[in-house]
Amino acid sequence: MRAKPSALGYLRKDVSGVSQDWDEAQMRSLAKRLGYELTKTLAFGACTDRPVGRLVDAVRDCDVDAVISPSLHHFDDAVPNELVEVCDLITVTPVQTFSRSVLSQIWA
């Protein structure tokens, strides 16, 4: 059993732009405040094929409880259903948590 719940950071380089370092610092800070161990951050570019699918694969491979992202802008302003089926999604700005579906946990 883990001492803390774990999380992945996620951002899109094209959305963060010159603020990427700041966005990463904000994700680390929020993870710490919420009691998560941020294991690593995935930074995809605009040309990354299937970014949400790749993120879901990483969530499963790393067995994390949540993904922390600077904002929903990094998901084209929409909560990705396939992601919240496997973990919680937490945004820094505004601070929001989109919880994984209880039914998806039952069916898993």
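Residues numbered from 1 in each chain as written. Predicted model: local features only at pLDDT ≥ 70, side-chain atom pairs only at ≥ 80, totals over all residues. Heavy atoms only, no water.

**With respect to the packing of aromatic side chains**
Tallied over the full model, the rule gives two aromatic pairs. The interplanar angle of 75 degrees and the centroid separation of 5.6 Å between the aromatic rings of Y10 and F44 together place this pair among those described as edge-to-face. A residue pair is termed long-range when its members are at least 10 positions apart, and Y10 in strand β1 (residues 6–12) and F44 in strand β2 (residues 37–44) qualify at 34 residues. By relative accessible area, F44 is classed as buried at 14%. One aromatic cluster is present, built from ring pairs that chain together Y10, F44 and F75. (Phe/Tyr/Trp six-rings, centres within 6.5 Å; stacked < 30°, edge-to-face > 60°. Helix = DSSP H or I, 4+ residues; strand = E, 2+ residues; numbered from the N terminus. Buried < 20%, exposed > 50% of the residue type's maximum accessible area, 1.4 Å probe, protein only.)

**Focus: the side chain of R12**
Tracing the sequence through the fold places R12 in strand β1. Side-chain polar atoms of R12 contact the side chain of D76, separated by 2.8 Å. Apart from residues no more than four positions distant in its own chain, R12 is found in contact with F44, H73, H74 and D76. (Polar contact = N/O pair within 3.5 Å; in protein donor to acceptor, adjacent residues only side chain to side chain. Contact = heavy atoms within 4.5 Å.)

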